[in-house]
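# Architecture at a glance
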Amino acid sequence: MSKIARRKFIQLSAVAAAGYLAQSGREAWADDLPHLTADDPMAMAMKYTDDASSVDPASRANPAADQNCSGCALVLGNDGDAWRPCQIFPGKSVAAKGWCSVWAPKP
Ligand code: SF4
């Protein structure tokens, strides 16, 4: 790599790092985030769906009937928003009416 290319690479890396830090320094807003889809590999691993009513309550580890993302201890963001950040899926937003196998009751 030439000195100029290396210098440009370092400059771009610094800009990218600054952008990352600026982003992570504020509350992630669901409006800024792409929606998690059920065909995402991580979503598939966690059995995520954007419609909790489609999941048989008997198939859940904790078979409470009213589980959804808005009632999960791991959801972030604002009550009432249709899509919210989630601690399990950084960089994506999950449906308030969604569900995944990591669901945990709020304390
Ligand atoms: Fe929804 Fe909770 Fe799973 Fe996140 S961890 S997708 S909020 S059920």
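This report concerns the structure included in the present document. Not measured: the values here are computed from a predicted model.

The rules behind each value
Residues numbered from 1 in each chain as written. Predicted model: local features only at pLDDT ≥ 70, side-chain atom pairs only at ≥ 80, totals over all residues. Heavy atoms only, no water. Helix = DSSP H or I, 4+ residues; strand = E, 2+ residues; numbered from the N terminus. Buried < 20%, exposed > 50% of the residue type's maximum accessible area, 1.4 Å probe, protein only. Near = heavy atom within 4 Å. 1 Å grid on protein atoms, 1.4 Å probe; cavity = no way out; pocket = protein on both sides within 12 Å on 5 of 7 lines; lining within 4 Å. Sits in = over half its atoms within 2 Å of the grid points. Nonpolar A, V, L, I, M, F, W, Y, C, P; charged D, E, K, R; others polar. Polar contact = N/O pair within 3.5 Å; in protein donor to acceptor, adjacent residues only side chain to side chain. Core = buried A, V, L, I, M, F, W, Y, C linked by side-chain atoms within 4.5 Å. Contact = heavy atoms within 4.5 Å.

### A word on unusual backbone geometry
Note: most peptide bonds trans; most residues except glycine with negative phi. Of note in the backbone geometry, Lys47 takes a positive phi value of approximately 60° without being a glycine. Positionally, Lys47 belongs in the loop between α2 (41–45) and β1 (83–85). Here Lys47 falls in the exposed class, since its relative accessible area comes to 59%.

### Description of the site of the ligand
Residues in contact with the ligand, as listed here, are Tyr48, Cys69, Cys72, Leu74, Val75, Cys86, Ile88, Phe89, Val94, Cys100 and Trp103. The pocket occupied by the ligand, as judged from atoms lying within 2 Å of grid points, is the largest cavity. Taken together, the residues of the shell around the ligand break down into eleven nonpolar, no polar and no charged.

### As for the side chain of Asp40
If you trace the backbone, Asp40 turns up in the loop between α1 (3–24) and α2. Polar side-chain contacts of Asp40 include one of 2.8 Å to the backbone nitrogen of Met42.

### Focus on the nonpolar core
Counting residues in hydrophobic clusters, the biggest one holds ten residues: Leu36, Ala43, Tyr48, Cys69, Val75, Cys86, Phe89, Val94, Ala95 and Cys100. Residues contacting Cys100, with those up to four places away along its chain left out, are Met46, Lys47, Tyr48 and Phe89. Of all hydrophobic cores here, the second largest spans six residues; its members include Ala52, Cys72, Trp99 and Trp103.

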